[in-house]
Amino acid sequence: MKRVYLDHNATTPVSKEVLDAMMPYFTEEYGNASSVYSLGQNARHAIDESREIIGNAIGTEAADIIFTSGGTESDNFAIKGVAMANLNKGRHVITSAVEHMAVLEPCRFIEKELGFDVTYLSVDKYGMVDLNQLKDSIRKDTILISIMFANNETGTIQPVKEISKIAAANKIYFHTDAVQALGKLPVDVEELGIDMCSFSGHKIYGPKGIGALYLRKGVKIAAFQHGGHHERSKRAGTENVPGIVGFAKAVEIARRDMKKNEALFKNLTKKMWDGLNKNMKEIYLNGHPENRVSNTLNISFKYVEGESMVLNFDMKGIYASTGSACTSGSLEPSHVLNAMGVPPDLAQSSVRFSFGYENTEEDVDYCLSEIPPIVERLRKMSPLC
Ligand SMILES: *Cc1c(COP(=O)(O)O)cnc(C)c1O
């Protein structure tokens, strides 16, 4: 059976180039980067080079990159670390209602455990935050603004530069979760005025279990893990050398191919949306019509449960998801679509298709022939119809 993987916002395969770059660091070059002999120093050198590549790709110095276990850890580190280190400055944080759980849950944690107040900014029907609401939410005791770069469910892009200006004018740290932006949009932390920025390897054809936090010099933050002096003594633990090397390779490739991929994604998502929309009634696009990452297509198919579509698509070898991988399975409607004011029945009937560079026009043709009959059949069975 044909297999069409359309869930790249959940994870991606490791590309061949990335795997090839990693392999020596599992076998011959297995040294501990803290060891002084040459085998250890080879590992150290590989980490330094990787840090350089990633720093370069986001417009900063290698020294400002801290390797973590992924996007979730980077988000936890930024939010809890800044909260812990700035308790005497204030206990107010501003975020948005459409953040990934890796941001929302640390925010709830600091509310509960550290006595913080967190403002969850609302969004418009496209999922964009309102800059005036942001300005109005700032208080004397606000220490951090954490607003994502691009949304994982809808692809909607936030006005990061405008947010950073507001944060800077008020001397508030600005963190952004750029997991879905990396490799799809230019992310230049200097140009955009970002203080902290989260990245993940496995969303960009790198391995799982590796990520990074960009940490601007001078940001007051508590260490995430205590132990040895790894990662500027902020994140102790023997470095994941193959993961780091693979992540850097993935960043390098993503940067090299970004323009080409964007053109491909635009073409595929347009073909998919136009094709479905032409042949089906009552389907709705969720997210910003233009201002979104080009690989993401979130569609509500009225009258049908997202879960049952995903399971039926699976039987035809089409892999897509409802909302985010973390909330799907819970049968709760997506908090992102909910915040955008999508009615509950339409939120429940949404499916996210997220494309990758290995997808082709033939993949879309296959979807266009398989998806409408599945949805029609489910609609006939639906009590809602
Ligand atoms: C996937 C994702 C994360 C989590 O990254 P992991 O590396 O899987 O922990 C965080 N934020 C966003 C927006 C994501 O898409």
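Residues numbered from 1 in each chain as written. Predicted model: local features only at pLDDT ≥ 70, side-chain atom pairs only at ≥ 80, totals over all residues. Heavy atoms only, no water.

Draft legend 1. Structural context of the site of the ligand. If you check the shell around the ligand, you find 13 residues, and the closest are Thr-72, Asp-177, Gln-180, Ser-200 and Lys-203. Here an oxygen atom of the ligand sits 2.8 Å away from a polar atom, N or O, in the main chain of Gly-71. At a separation of 2.6 Å, an oxygen atom of the ligand approaches a polar side-chain atom of Thr-72. For the ligand, whose free accessible area comes to 380 Å², the fraction covered by protein is 88%. Element by element, the count of residues in the shell around the ligand is highest for helix H3 (residues 71-85), at 3 residues. Per-class residue counts for the shell around the ligand are 2 nonpolar, 8 polar and 3 charged. (Near = heavy atom within 4 Å. Polar contact = N/O pair within 3.5 Å; in protein donor to acceptor, adjacent residues only side chain to side chain. Areas by Shrake-Rupley, 256 points an atom, 1.4 Å probe, with all protein chains shown as cover. Helix = DSSP H or I, 4+ residues; strand = E, 2+ residues; numbered from the N terminus. Nonpolar A, V, L, I, M, F, W, Y, C, P; charged D, E, K, R; others polar.)

Draft legend 2. Just the environment of Asn-9, in detail. The residue Asn-9 is located in the loop between strand E1 (4-5) and helix H1 (16-22) in this model. Judged by relative accessible area, which is 2%, Asn-9 ranks as buried. Remark: the alpha-carbon pair of Asn-9 and Gln-180, spanning 171 residues in sequence, is separated by 7.1 Å. Among residues more than four places away in sequence, those in contact with Asn-9 are Asn-152, Gln-180, Lys-184, Lys-203, Asn-295, Thr-296, Arg-352 and Ser-354. A polar contact is formed between the side chain of Asn-9 and the side chain of Asn-295, at a distance of 3.0 Å. (Buried < 20%, exposed > 50% of the residue type's maximum accessible area, 1.4 Å probe, protein only. Contact = heavy atoms within 4.5 Å.)

Draft legend 3. Layout of H3. Its 15 residues place the ends of H3 21 Å apart at the C-alpha level, agreeing with the 21 Å of an ideal helix rising 1.5 Å per residue. Most of H3 sits out of view: 12 of its 15 residues are buried. When we look at burial in H3, the residues that qualify are Gly-71, Glu-73, Ser-74, Asp-75, Asn-76, Phe-77, Ala-78, Ile-79, Gly-81, Val-82, Ala-83 and Ala-85. Where H3 is buried, its residues meet strand E2 (65-68), helix H4 (101-114), strand E5 (142-146), strand E6 (173-177), strand E7 (196-200) and strand E8 (211-215). (Expected span 1.5 Å × (residues − 1).)

Draft legend 4. Broad picture of the layout of surface pockets. For the largest pocket, the calculated volume is near 290 Å³. Lys-266, Thr-269, Pro-289, Glu-290 and Arg-292 are, among the 14 residues lining the largest pocket, the residues nearest its centre. Among the elements that take part in the lining of the largest pocket, helix H9 (residues 241-279) stands out by supplying 5 residues, more than any other. Partitioned by chemical class, the residues of the lining of the largest pocket number 6 nonpolar, 2 polar and 6 charged. (1 Å grid on protein atoms, 1.4 Å probe; cavity = no way out; pocket = protein on both sides within 12 Å on 5 of 7 lines; lining within 4 Å. Points joined across faces, edges and corners; volume = space filled by probe spheres on them.)

Draft legend 5. Here's a closer look at the pattern of salt bridges. Inspection of the entire model under this criterion finds 26 salt bridges. Several salt bridges share partner residues, and in doing so they unite Glu-17, Arg-256, Asp-257 and Lys-260 into one network. (Salt bridge = Lys/Arg side-chain N within 4 Å of Asp/Glu carboxyl O.)

Draft legend 6. Summary view of empty space enclosed by the protein. Within this structure, the stated rule accounts for 2 cavities of 30 Å³ or more. Put simply, the largest cavity is a space of about 210 Å³. Forming the walls of the largest cavity are 23 residues, and the residues nearest its centre are Gly-183, Ile-204, Tyr-205, Asn-261 and Tyr-357. The residue makeup of the lining of the largest cavity, split by class, is 11 nonpolar, 8 polar and 4 charged.

Draft legend 7. Local environment of the nonpolar core. In this structure, Phe-67, Ile-145, Phe-149, Phe-199 and Phe-247 are the most contacted members of the largest nonpolar core, which totals 59 residues. Per-element accounting of this core gives the leading share, 8 residues, to H9. When neighbours within four sequence positions are excluded, Phe-199 is seen to be in contact with Ile-58, Gly-70, Gly-71, Ser-74, Ala-178, Val-179, Leu-182, Val-187, Gly-211, Ala-212, Tyr-214 and Phe-247. Membership of the second largest hydrophobic core comes to 28 residues, among which are Leu-268, Trp-273, Met-309 and Ile-318. (Core = buried A, V, L, I, M, F, W, Y, C linked by side-chain atoms within 4.5 Å.)

Draft legend 8. Layout of the side chain of Ser-321. Checked against the element boundaries, Ser-321 lands in the loop between strand E11 (318-319) and helix H11 (335-339). At a separation of 3.1 Å, a polar atom in the side chain of Ser-321 contacts the side chain of Asp-7. If we skip the residues at most four places from it in the chain, Ser-321 touches Asp-7, Val-310, Val-351 and Arg-352.

Draft legend 9. Seen up close, the side chain of Asp-195. As for its position among the elements, Asp-195 is in the loop between helix H7 (189-192) and E7. One polar contact links the side chain of Asp-195 to the main-chain amide nitrogen of Phe-174, over a distance of 2.9 Å. If we skip the residues at most four places from it in the chain, Asp-195 touches Ile-172, Tyr-173, Phe-174, Tyr-214, Leu-215, Arg-216 and Val-219.

Draft legend 10. Focus on the packing of helix H10 (residues 306-314) against helix H13 (residues 361-381). Viewed as axis vectors pointing N to C, H10 and H13 meet at an angle of 135°, and their least axial separation amounts to 10 Å. Here H13 runs oblique to H10, going by the angle between their axes. Here H10 runs over H13; the crossing is right-handed. Contact with H10, carried on its side by Ser-308, Met-309, Asn-312 and Phe-313, involves Ile-371, Ile-374, Val-375, Arg-377 and Leu-378 of H13 and no other residues of that element. Of the residues that constitute the contact of H10 with H13, the class distribution is 6 nonpolar, 2 polar and 1 charged. (Axes fitted to C-alpha atoms, helices over the stretch in contact; angles between N-to-C directions. Parallel < 35°, antiparallel > 145°, perpendicular 65-115°, else oblique. Left-handed = near helix turned anticlockwise from the far one by under 90°.)

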